[in-house]
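Letter by letter, the chains look like this.
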Amino acid sequence: MVNLIGNEIKKIYSRWPIKIIILIAVILMIVDAIMIKYYNDDIYQSTYYEDTSMREFYENELKTLNPENESEREAYIADKTTLELLDLENEYRNEESWKFECITKNAYQLIYNINSIKFSPEKNKKELEQAEKLYKNFLNMLKNNEWEQYTREMLDVAKEELKTSKEQLENATELNKKELEKTVEYNELQVEVLQLRLNKKIPYDGSFMDEALNIYSSGMQTVLQDNENIPQSALNEVRADAMIAKYALDTEKDLFNHKNASQTYKNYMDVVIELILSVIIIIISASIISDEFNKGTIKQLLIRPYKREQIWIAKFLTAIIVTVISMLVISLIAIVVFGLFFSFKDYAIYNIGVYDYNSGSAYCMNVFAYVGIIFISKLPFLIMLATIAIFISTLLNNTALAVATPLIGTIAAEIINALLASYKKFRFLKFFITPNWDLSVYNFGKPAQFDFLNFRFSLIIYMLYFVMLIGLSIYRFKKEDIKNI
Amino acid sequence: MENAVVECNNLYKKIGKKTILNNVSLQVCKGDIVGFIGPNGAGKTTTIKLITGLQKITSGTVKINNYDIQKDFTKAIEKVGAIVESPDLYMYLSGYDNLKMIAKLYNNVNKSRIDEVVKIVGLENRINDKVSKYSLGMRQRLGIAQAILHKPNILILDEPNNGLDPEGIKEVRELLIKLAREEGMAVLISSHNLSELETFCNKVIIIQNGEIVETSTIKDLKADIKGNSYIIELNDTKKAIKIIKNAKIINKENIQIECEKNDIPIIIKKLVEADINIYRLEEEKISLESAFLKKTGGNKIG
């Protein structure tokens, strides 16, 4: 058997397809490294303030609206706020991106508060003063980086709001109890975030602590909203990221920096494992049987002192082994390339944040361990793609169909998942292979996309299909008459 | 037979309703070079595929070296070397790599054996080139190389002379004779090239429409043809056939007649008396082809 596999591997590496795929992988990694190293992620370099037409649009809109008129008031306030926001952004367009981001996140609300009081019929002077003061502090913070003052004042406001909402909750009726509970949670989160910023001394400077805090804040906000339109699985991921961010804050570890070898390697390997290795394993297993039939060289193999099932199994194993070897080769080259572009020390310094759903806690691990785990957990999926391809290849002796079938399968998987999500009567589809073929979705204790799926169920379905497809393939291969070419 | 290397008994091969092989039985013994001949579609390649396990046997048995091909495949096929339909080689590898890969599948082939075999088939100069660059003749020779690499005791060759020039055919012939005589290798060759076969086969098996119609040695086959055949070169063939009964015109200058040796003087006398000039008289050699044609009732070969 070893000799059979050795021969098969030699046959594959003597031909050009595998070399071209690896070459493409190497080109991709170099492009990736260049993109990340030399191109800023200043995605907030806004172009729209250079385009004055937007400002004109709002100006014109504003002229048509009358704030005195109650039905037009909201629109007027919104437009005026947007206009003032545009002006503010314009002022800071040449400064650091974090300031721009900060404005985008915070300024609208502050300006809106001012305007809504200004143009309301009541015009509460005290509230107006408070709102304007907050805004002034905000501008101050931007100009002088006086973030601590600003944060303290925001914290005071937040604490007030928390107190109010708690009081409201005590007097809640059955109808609005849930809503008020949510409000309380939201306010508690605001307080927590602002408190963290002060305690950990994190200015609004786009540093990794600032970024982590933002991720935690926005992530937990999304989770708390619990919008019905967002599926639970997506919320789980958002929560996981938020917890990792919290862990990064607690341990003051930079887990979100992208411009380093470690993170670049991890992101690159994600793509390699998902796409490139799938392509490799599908192509090899689709052609390793049928090519030899179509070229006639299968005859020369079948008259050797080996049982037919040994020959088939050797070919199947070869597809998997070549994929693993390719993974290692690409991985090694990537480690060197990214190490050269950035720094080899990065691999030791920058770790990957991981959230364990079972224990509910986040931790970090070395990037090589992480990528290793991802690869091993994706292997069953890759093997299933290979099984489907080689099954079609053995049955029909047609390489093209054997390549197409697993690819179509991945598209069909999307459709099946959509059906499973939406319609109860399609629940029987859970017994099909595609919802169960990627066991890596259960990594780190993550729950399945649907509550009627779990790891044990998926594993059983997977094994059933695996045994069935392999068994049928070997049976067919043993029985086959070698026709005339 | 005791020293039968290959023994087929009552082989039937049916595909759907069509019977491809009908009660085929044959034997190849040690040291034999058996010519397996028949028209296209007779079932030669199918029989070979049944023997080598490439196609399923509907009913009947095949034993190689006393092992049943269906029950003990790996033992039966171990000492078999074969080329079926065409030498199956990997075009993108060199000749040497092809042989090396096959060598790995047996445990009695080492590097020196590979070199030895390369020498035997005369490919030393080109053995490291990719097979895609070989001419057909070279591929044929490499095919024979892979067939004899593991020192089989039975060689099964399906039309091995295809694409070889006369020099190449001669080399193959001499090689096969050597292997059969010196190493006691049994050889089963199927071919259309009957004139070649008769120079080195010692036995012949004729198959037609899936049935064996003749099994005998070359000598016996030719001897079967009753009477002798003579060719006479003369100047007036039309007149000659009027005089000599049963004479046939072959061409403008030659007639052919089957008769006993004692009749020859009488014939010559009759022709001379009729004023016909005789330039040449010779015995026609019975070729395997005519013997074959007689047996198969004149079906076109090939």
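Going by the structure above, here's the rest.
Remember, it's a predicted structure, so these values are computed and weren't measured experimentally. (Residues numbered from 1 in each chain as written. Chains lettered and ligands numbered in written order. Predicted model: local features only at pLDDT ≥ 70, side-chain atom pairs only at ≥ 80, totals over all residues. Heavy atoms only, no water.)

## Observations concerning the overall build of chain A
- Summing up its helical and strand segments, chain A has 18 helices and two strands in all.
- Against the globule reference of 23 Å for 485 residues, chain A gives a C-alpha radius of gyration of 30 Å, more extended than a compact globule.
- Along the first, second and third principal axes, the C-alpha set of chain A runs to 100 × 55 × 45 Å.
- Counting only residues that meet the buried cut, chain A has 46% of its 485 residues in that class.
- Partitioning the intrachain contacts of chain A with sequence separation of at least 6 by distance along the chain shows that 71% fall at a separation of at least 24. (Helix = DSSP H or I, 4+ residues; strand = E, 2+ residues; numbered from the N terminus. Rg over C-alpha atoms; globule rule 2.2 N^0.38 Å. Buried < 20%, exposed > 50% of the residue type's maximum accessible area, 1.4 Å probe, protein only. Contact = heavy atoms within 4.5 Å.)

## With respect to unusual backbone geometry
Residue and element names in this part refer to chain B.
- Even without a glycine there, the phi angle at N10 is positive, about 50°.
- Classification of N10 as partly exposed rests on a relative accessible area of 40%.
- Residue N23 is not a glycine yet carries a positive backbone phi of 55°.
- On the basis of relative accessible area, N23 is assigned to the partly exposed category, the value being 37%.

## Quick word on helix α1 (residues 2–13) of chain A
- The terminal C-alpha atoms of α1 of chain A, which comprises twelve residues, lie 17 Å apart, in line with the 16 Å expected from a rise of 1.5 Å per residue.
- Among the residues making up α1 of chain A, those that are buried are L4, I5, N7, E8, I9, K11 and I12 of chain A.
- Elements in contact with the buried residues of α1 of chain A: α2 (16–38), α11 (261–287), α12 (290–295), α13 (298–302) and α14 (308–341) of chain A together with α3 (95–104) of chain B. (Expected span 1.5 Å × (residues − 1).)

## Digging into the state of the cysteines
- Evaluated as defined, the whole model comprises zero disulfides over all chains.
- Between C8 of chain B, a cysteine without a disulfide, and C29 of chain B, which holds the nearest cysteine sulfur, the sulfur-to-sulfur distance is 12 Å. (Disulfide = S-S within 2.5 Å.)

## Here's the deal with the packing of α2 of chain A against α11 of chain A
Residues and elements named next belong to chain A.
- One can describe the packing of α2 onto α11 by two numbers: an axis separation of 11 Å at closest approach and a directional angle of 160°. Judged on the interaxial angle alone, α11 and α2 are roughly antiparallel. Relative to α11, the crossing made by α2 is right-handed. For the pair α2 and α11, the contacting residues are I18, I21, A25, V26, L28, M29, D32 and I36 in the first and T264, Y268, I276, V279, I280, I283 and I284 in the second. (Axes fitted to C-alpha atoms, helices over the stretch in contact; angles between N-to-C directions. Parallel < 35°, antiparallel > 145°, perpendicular 65-115°, else oblique. Left-handed = near helix turned anticlockwise from the far one by under 90°.)

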